[in-house]
Amino acid sequence: MPVQTIDSSAAHRGRGVGLGLALASAVAFGGSGVAAKPLIEAGLDPLHVVWLRVAGAALVMLPLAVRHRALLRRRPALLAGFGLLGVAGVQAFYFASISRLPVGVALLIEYLAPAMVLCWVRFVQRRPVTRAAAVGVVLAVGGLACVVEVWSGLSIDVVGLLLALGAACCQVGYFVLSDQGSDSGADTPDPLGVIAYGLLVGAAVLTVVARPWSMDWSVLGGTADMNGTSVAAALLLSWIVLVATAVAYVTGVVAVRRLSPQVATVVACLEAVVATVLAWVLLGEHLSAPQILGGAIVLLGAFIAQSSTPVKPSPEPVASGGPERELSRRSTAA
């Protein structure tokens, strides 16, 4: 009994640490768009900002990549997938979308990811989902209709909408791959090593796509306008690289390992709230009342969908709001 009490206390502390890390990750990620948009408006291409962000963070994490170089042999597919989807894909689609949409709107659309996972499970894999999860999907889709104000004839930029949906698709891969192999015992890949190599892979892919040699480097030596206030471009870039990328990814992936993808995704929904508030205060991007209501409904739907996941996996392949761990487990077994 004393041993069980100690184990329970340790598990509770571990969960508390995981929640704290997930909150820190949400706040760090939430500040990326607010810092990136002034750079884009100052003349940098969105893909160039993404490349600077990922390449800079990859350099910061390079010592960890060297330390965990055995991962290249043990988990090459995991590293490639994380770099392509969880790093390059999410960031490229998101930064491209905020060049056409308000930061808060782009992130709220991105947080359709839980609903998109459930739709895939239900209609493509043809596996049942719980009623609560279905309600969460309906709420999220209804909230999206309010965010884009469909009654105005879809007044929102359609290309920006599609780019934000692309970010949502890649975000699903981020949470799935963050948990890949977390129940493999001693063979579990170190999350810091996965992040380091994911950033290196993402930087390599983005170098080909973004072609940074064509970038206007002089922008980084000047200032960018943040709602009437001039801010050094180098300062904004430093925030993006060090806090909104390196710190955000490390705390986010470690949180997924401690909490499970389902719980971490729920906490990560706060990223949209943080980004919306920061964009309102720092960029002057005011959302309409229907958009605020729609955003709240999207987050509520994501919360319901994710929190409806059972604590222990069912012996039957039943998806109930959080199929990420089941998908991860199956991928590991394969």
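Note that the coordinates shown come from a computational prediction; the quantities given were computed from them, not determined experimentally. (Residues numbered from 1 in each chain as written. Predicted model: local features only at pLDDT ≥ 70, side-chain atom pairs only at ≥ 80, totals over all residues. Heavy atoms only, no water.)

K.L.:
Would you mind going over the packing of aromatic side chains with me for this structure?
P.N.:
Geometrically, a pair of aromatic rings is defined through the distance of the ring centres and the angle of the planes. Applying the stated criterion across every chain, the model contains 2 aromatic pairs. Ring plane angle 90° and centroid distance 6.2 Å describe the contact between Trp 51 and Trp 217, whose orientation is recorded as edge-to-face. Remark: Trp 217 occurs in the loop between α10 (191-210) and β1 (223-226) and Trp 51 occurs in helix α3 (residues 46-67); sequence separation between them is 166 residues. Judged by relative accessible area, which is 15%, Trp 51 ranks as buried. By relative accessible area, which is 44% here, Trp 217 ends up partly exposed. Relative to Phe 95, the ring of Tyr 94 lies with its centre 5.7 Å away and its plane at 55°, an arrangement referred to as tilted. According to the relative accessible area criterion, Tyr 94 is buried, its value standing at 3%. (Phe/Tyr/Trp six-rings, centres within 6.5 Å; stacked < 30°, edge-to-face > 60°. Helix = DSSP H or I, 4+ residues; strand = E, 2+ residues; numbered from the N terminus. Buried < 20%, exposed > 50% of the residue type's maximum accessible area, 1.4 Å probe, protein only.)

K.L.:
When you look at helix α2 (residues 32-41) in this model, what are you seeing that I'm missing?
P.N.:
Given 3.6 residues per helical turn, the α-helix brings residues three or four places apart onto the same face. Within α2, 9 of the 10 residues are buried, which leaves it mostly tucked inside the rest of the structure. Restricting attention to buried positions, one finds in α2 the residues Ser 32, Gly 33, Val 34, Ala 35, Ala 36, Lys 37, Pro 38, Leu 39 and Ile 40.

K.L.:
Explain unusual backbone geometry to me, please; I cannot follow it from the model alone.
P.N.:
Across the chain, the bulk of peptide bonds are trans and the bulk of non-glycine residues have phi less than zero. Here the phi dihedral of Arg 211 falls at roughly 50°; this positive angle occurs in a residue that is not glycine. The topology assignment puts Arg 211 in the loop between α10 and β1. Of note, Asn 227 is a non-glycine position whose phi angle comes to about 55°, a positive value. Relative to the assigned elements, Asn 227 resides in the loop between β1 and β2 (229-232).

K.L.:
Teacher, can you tell me more about helix α6 (residues 103-110) here?
P.N.:
Counting buried residues along α6, 8 of its 8 residues qualify, which places the element largely inside the surrounding structure. Regarding α6, the residues found buried are Val 103, Gly 104, Val 105, Ala 106, Leu 107, Leu 108, Ile 109 and Glu 110.

K.L.:
Looking at this structure, I do not really get the pairing of β2. What am I missing?
P.N.:
The two faces of the sheet receive side chains in turn, since in a regular strand these alternate between them. Pairing between β1 and β2: 4 bridges, direction antiparallel. When the sheet's bridge partners are listed, Met 226 is paired in β2 with Thr 229. What sits between the antiparallel neighbours β1 and β2 is a turn of 2 residues, in which Asn 227 has the positive phi angle 55°. (Pairing = 2+ DSSP bridges.)

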